Amino acid sequence: MTQLVTADEIKAIEAYTINEAGLSAAVLTERAAMATLQVLAAGRFDLSNVLVLAGLGGNGADGVALARLLHQAKIPVTLQFVGNVNRASQAVKEQLHAATLCGVQRAEKSDFKEPSLIIDAIFGTGLNKDLPEGLQKMLKAANHIDNTVVALDLPTGIDANTGEIRGAALKAKATIAFGFEKVGCEKAQGKKMAGRVIPQDIGLVLPEDFIFSIQ
Ligand SMILES: NC(=O)C1=CN([C@@H]2O[C@H](COP(=O)(O)OP(=O)(O)OC[C@H]3O[C@@H](n4cnc5c(N)ncnc54)[C@H](O)[C@@H]3O)[C@@H](O)[C@H]2O)[C@@H](O)CC1
Ligand SMILES: [K+]
């Protein structure tokens, strides 16, 4: 059985990895994106036209890094931000700079009918309140279209701890969990919305004597 973590636990492990082990957040983001590329390239997904939906925080940074790696692997990909990119975190801005230099294509809008695969990199473990109404509408509409969605870390809209839907959530066929599966993917609506959960090692360093709350 895979090890489950709460949002606070993964944040503590990430902080330890960054601050004590000295592996930067950018390294972890790159590892997350590379692990995702490997899963996608293993053959079970149609990569003929990939749309990456990216948010403005850590989850979005993973998505932008993935868009760059897909583009560099000659996989057709379009990057679309959800939210105003001017308000994005520094990590997203840095990822966007690299992606732009590499020639990653951007879109402002999508009807979700064209992509062969949607990558959900809007929100991850940082979600702490209901989604904005406009986004709720967009996700509900997207759920009505028969798209294949792969969520990065956690389906957007799912609470990492309780599995509850915060207003709306994007239903995934598979969720690639970075480091450890978030407990919300096994609880309440989270189980259905996450689809198949695929944990991937991204090189997180566990604090000595770390005790997981879920054994
Ligand atoms: N911190 C790190 O070093 C790493 C983070 N990783 C990724 O980063 C994610 C966590 O990143 P963040 O903590 O930045 O969080 P998110 O990217 O999930 O969310 C971004 C920010 O949005 C805000 N927010 C929360 N709920 C909202 C709502 N309903 N409406 C509008 N804004 C809202 C919060 O300020 C939150 O920090 C993980 O799920 C994972 O994908 C991984 O790349 C591994 C390394
Ligand atoms: K996500």
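Keep in mind that this is a model prediction, so the values were computed, not measured.

1. Topic: the nonpolar core
The biggest cluster of nonpolar side chains holds 44 residues, and the ones touching the most others in it are L40, V50, L70, L79 and I119. No other element matches the 7 residues that helix 3 (residues 58-72) contributes to this core. V82, F112, I118 and L139 belong to the second-largest nonpolar core, a separate cluster that totals 16 residues.

2. Considering the UniProt feature "domain: YjeF N-terminal" (unreviewed entry) in the chain
The feature "domain: YjeF N-terminal" (unreviewed entry), as given by UniProt, occupies residues 10-210 in the numbering adopted here. Annotated as residues 10-210, this span is 35% helix and 17% strand, and its ends, taken at the C-alpha atoms, are 11 Å apart.

3. Digging into the environment of K187
Assignment of secondary structure puts K187 in the loop between strand 8 (181-182) and helix 6 (190-194). Overall, K187 belongs to the partly exposed group, its relative accessible area being 39%. Sequence separation of K187 and E164 is 23 residues, and the distance between their C-alpha atoms is 7.6 Å. Look past the residues within four positions of K187 in its chain and what remains in contact with it is N161, T162 and G163.

4. Looking at the coordination of the potassium ion (ligand 2)
Donor atoms from the polypeptide that bind the potassium ion (ligand 2) are N59 (OD1), D120 (O), F123 (O), L152 (O) and L154 (O), placed at 2.6 to 3.0 Å. Site description for the potassium ion (ligand 2): donor spacing in sequence, N-x60-D-x2-F-x28-L-x1-L. With a gap of 95 residues between them, N59 in helix 3 and L154 in the loop between strand 6 (149-152) and strand 7 (174-178) connect regions that are remote in the sequence. A relative accessible area of 8% means that N59 is categorised as buried.

5. A few points about unusual backbone geometry
Even without being a glycine, K74 presents a positive backbone phi close to 65 degrees. Residue placement: K74 occurs in the loop between helix 3 and strand 3 (77-81). Of note, F112 is a non-glycine position whose phi angle comes to about 65 degrees, a positive value. Along the polypeptide, F112 turns up in the loop between strand 4 (105-107) and strand 5 (117-121).

6. Thoughts on the sheet that holds strand 6
The sheet built from 7 strands is open, its strands ordered 4-3-2-5-6-7-9 with parallel pairing. Both edges of this open sheet fall to strand 4 and strand 9 (196-200), since each of them pairs with a single strand only. Looking at each pair of strands side by side, their axes are set apart by 25 degrees on average, direction ignored.

7. Considering the site of ligand 1
As a matter of local geometry, ligand 1 sits amid 22 residues, with G58, N59, D62, G124 and D153 nearest to it. Between ligand 1 and T125 there is a distance of 3.0 Å, counted from an oxygen atom to a backbone nitrogen or oxygen. Where the shell around ligand 1 is concerned, the elements lending two or more residues are helix 1 (7-19), helix 2 (25-41) and helix 3. Classifying every residue of the shell around ligand 1 by side-chain character gives 9 nonpolar, 8 polar and 5 charged.

Each value, and the rule that gives it
- Every chain is numbered independently, its residues counted from 1 as its sequence is written.
- Ligands are numbered from 1 and chains lettered from A, in the order in which they are written.
- Totals for whole chains, interfaces and linings use all residues, but because this is a predicted model, local features are given only for residues with pLDDT of at least 70 and pairs of side-chain atoms are given and counted only at 80 or more.
- Water and hydrogen atoms play no part in the side-chain values, which are based on all heavy atoms of the structure.
- By nonpolar core we mean a set of buried residues, namely Ala, Val, Leu, Ile, Met, Phe, Trp, Tyr and Cys, connected to one another through side-chain atoms within 4.5 Å.
- The rule is simple: take the accessible area with a 1.4 Å probe, protein chains only, and divide by the maximum for that residue type; under 20% is buried, over 50% is exposed, in between is partly exposed.
- Helix numbering and strand numbering both begin at the N terminus, where a helix is a DSSP run of H or I of at least 4 residues and a strand a DSSP run of E of at least 2.
- UniProt positions are given in the numbering used here, feature names are shortened, and annotations may be inferred rather than shown by experiment.
- Only heavy atoms enter the contact rule, under which two residues are in contact if any of them lie within 4.5 Å.
- For Na, K and Ca the donor cutoff is 3.2 Å, while for all other metals N, O and S atoms must lie within 2.8 Å; water is not among the atoms, so some sites may look incomplete.
- When DSSP locates at least two bridges between a pair of strands, those strands are taken to pair.
- The axes are straight lines fitted to the C-alpha atoms, using for helices just the contacting stretch, and the angles between their N-to-C directions are given from 0 to 180°.
- Only heavy atoms are used to decide nearness, and a residue is near a molecule or strand if one of them lies within 4 Å of it.
- The definition of a polar contact used here is a pair of N or O atoms within 3.5 Å, where within protein one atom must be able to donate a hydrogen and the other to accept one, and adjacent residues in sequence count solely through side-chain atom pairs.
- For this classification, the nonpolar set comprises Ala, Val, Leu, Ile, Met, Phe, Trp, Tyr, Cys and Pro, the charged set comprises Asp, Glu, Lys and Arg, and every other residue, Gly included, is treated as polar.

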